[in-house]
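Structure at a glance
Each chain, letter by letter, is given below.
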Amino acid sequence: MIKIIQGDITTLAVDAIVNAANQMMLGGGGVDGAIHRAAGPELYKACLKVPEVRPGVRCPTGEARITPGFRLPAKFVIHTVGPVYRDGLHGEPEKLAACYRNALALAAENGCKSIAFPCISTGVYGYPIEDAAKIAVREVKNFLTQRRRDAECAEEMEVIFCCFSARDAVVYRQLTL
Ligand code: ADP
């Protein structure tokens, strides 16, 4: 089931919230900063423990990593790194789609029944909201359809698009009508 809400993702009592992180995974601005502030310093420590795959990179663009949610109402934080938008012709759509797919797969592996996404890459990383939302909705719909076909998991996952602005919520609502 897909839900669209407008609000602050750090307040949601879901199994997992997704963080639009950077490759270092040690906090930053936007939703990343808000999540680290709300989760408390334990989150920073947990992120430090995530092994680097190369110097300064804990999570390459398009991949995802999971930590506990600590002081957040959410059980887990799934950190994913969206692409920096240039012109859409440098692999950005594929990278953004991979963020959604990998975050959803990690949520399923960890038994999550509910997950909330921010509008990944559409802040400082500059991805146009209409294009990013189309990819987000497509990937979530594909995931939910595949999961329904899988006889072993009869239970539906609740996927929330948590939009910070009313305008973003309108874009998502139009796409999911
Ligand atoms: P990126 O670097 O991936 O672009 P940003 O954090 O700059 O990440 O922005 C991603 C989206 O998260 C933007 O739409 C921004 O408005 C939104 N955002 C910022 N703070 C919050 C929050 N507390 N809850 C939900 N969304 C948020």
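An account of the accompanying structure is given in this report. (Residues numbered from 1 in each chain as written. Predicted model: local features only at pLDDT ≥ 70, side-chain atom pairs only at ≥ 80, totals over all residues. Heavy atoms only, no water.)

**Considering the packing of helix 3 (residues 92-109) against helix 4 (residues 129-149)**
One way to put it is that helix 3 packs onto helix 4 with a least axis distance of 9 Å and a crossing angle of 35°. Crossing geometry of helix 3 relative to helix 4 is assigned as right-handed. The segment helix 3 lies against helix 4, with Pro93, Leu96, Ala97, Tyr100, Arg101, Leu104, Ala105 and Ala108 engaging Ala132, Ile135, Ala136, Arg138, Glu139, Val140, Phe143 and Arg147. Of the residues in the contact of helix 3 with helix 4, the class split is 12 nonpolar, no polar and four charged. (Axes fitted to C-alpha atoms, helices over the stretch in contact; angles between N-to-C directions. Helix = DSSP H or I, 4+ residues; strand = E, 2+ residues; numbered from the N terminus. Left-handed = near helix turned anticlockwise from the far one by under 90°. Contact = heavy atoms within 4.5 Å. Nonpolar A, V, L, I, M, F, W, Y, C, P; charged D, E, K, R; others polar.)

**A look at unusual backbone geometry**
Phi is positive for methionine 25, which is not a glycine, with a value near 65°. Tracing the chain through its elements places methionine 25 in the loop between strand 2 (16-20) and helix 1 (30-39). The backbone phi angle of phenylalanine 70 is positive, close to 50°, even though this residue is not glycine. With respect to the secondary-structure elements, phenylalanine 70 resides in the loop between strand 3 (64-68) and strand 4 (76-80).

**A few points about the site of the ligand**
Taken together, 15 residues lie near the ligand, and Asp8, Val31, Ser121, Gly123 and Val124 sit nearest. One nitrogen or oxygen atom from the main chain of isoleucine 9 is found 3.0 Å from a nitrogen atom belonging to the ligand. One of the backbone N or O atoms of valine 124 is found 2.9 Å from an oxygen atom in the ligand. In isolation the ligand offers 560 Å² of accessible surface; the protein chains occlude 89% of this area. Of the residues forming the shell around the ligand, the biggest block, three residues, is contributed by helix 1. In terms of residue class, the shell around the ligand is made up of eight nonpolar, five polar and two charged. (Near = heavy atom within 4 Å. Polar contact = N/O pair within 3.5 Å; in protein donor to acceptor, adjacent residues only side chain to side chain. Areas by Shrake-Rupley, 256 points an atom, 1.4 Å probe, with all protein chains shown as cover.)

**Here we look at the sheet that holds strand 4**
Strand order in the open sheet formed by six strands is 1-6-5-2-4-3, and the pairing between neighbours is mixed. Of all the strands in the sheet, the pair left with one neighbour each is strand 1 (2-6) and strand 3. Between one strand axis and the next, the sheet turns through 25° on average, direction left out of account. Taken strand by strand, helix 1 contacts strand 2 and strand 4, and its axis lies near 130° from that of strand 2. Sheet strands touched by helix 3: strand 2, strand 3, strand 4, strand 5 (114-117) and strand 6 (158-163). Its angle to strand 5, the strand with the most contacts, is close to 155°. (Pairing = 2+ DSSP bridges.)

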